[in-house]
Amino acid sequence: MLDNDIKEVLVSKEQLEEINARLGAQITRDFADKNLLVIGILKGSIYFMTDLTRCIDLPLKLDFMAVSSYGGGTTSTGAVQIIKDVDINLVGYDVLLVEDILDSGRTLDYVRTMLSARGANSISIVTLLDKPARRVVDLTPDYVGCDVPDEFVVGYGLDYDQKYRNLPYIGALKREIYE
């Protein structure tokens, strides 16, 4: 039923599995001698973070933040709101921020700057999807699953109006659904 609202599949379930395995192996190598704290940006990152951390072969801790710059719309307002902050003191940790999609960059830039002031050893960013065509902030993620075109994408945690998160793939939503 949800599939009827999708214009095209951009990243299949199998491709998502390959992305998680590739990124997990790379992160395992890069953080081998570090004190890893993985922070997921809710709600969109939950599926990606869950599958990705299963592919990271290191001891790690998990925490979450809930932030928003979209409200109920389809484009970022630019005003970042912290809805839920991390619970763990960041001093002594190498933080990996997990994001579902890097679009304008405003939210992630704000979060990275805010967390940098809290004494972490380092802060890195992994994003499942990168949409460089929409970037308004000079922000380059450390790890990227794949690039996506300038389409409104849903599935695997990404939503429109809190729907479509449970699709097992990433799809471009038909324009008539969100306009």
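Look above for the structure.
Residues numbered from 1 in each chain as written. Predicted model: local features only at pLDDT ≥ 70, side-chain atom pairs only at ≥ 80, totals over all residues. Heavy atoms only, no water.

### Here's the deal with the side chain of arginine 165
Phase 1 of the analysis: Looking at where arginine 165 falls in the secondary structure, it is placed in the loop between β8 (153-154) and β9 (170-173).
Phase 2 of the analysis: Leave out the neighbours within four places in its chain, and arginine 165 touches Lys43, Gly44, Tyr47, Gly155, Tyr156, Gly157, Leu158 and Asp159. (Helix = DSSP H or I, 4+ residues; strand = E, 2+ residues; numbered from the N terminus. Contact = heavy atoms within 4.5 Å.)

### Quick word on the pairing of strand β2 (residues 36-42)
Phase 1 of the analysis: Within β2, six of the seven residues are buried, which leaves the element mostly enclosed by the surrounding structure.
Phase 2 of the analysis: Pairing of β2 with strand β5 (residues 94-102), which is carried by five bridges, proceeds in the parallel orientation. Bridge pairing links leucine 37 to valine 95 in β5.
Phase 3 of the analysis: By the bridge criterion, six bridges tie β2 to strand β3 (residues 61-68) in an arrangement that is parallel. When the bridges of β3 are listed, glycine 40 appears paired with phenylalanine 64. (Buried < 20%, exposed > 50% of the residue type's maximum accessible area, 1.4 Å probe, protein only. Pairing = 2+ DSSP bridges.)

That's the geometry; what it means functionally is another story.
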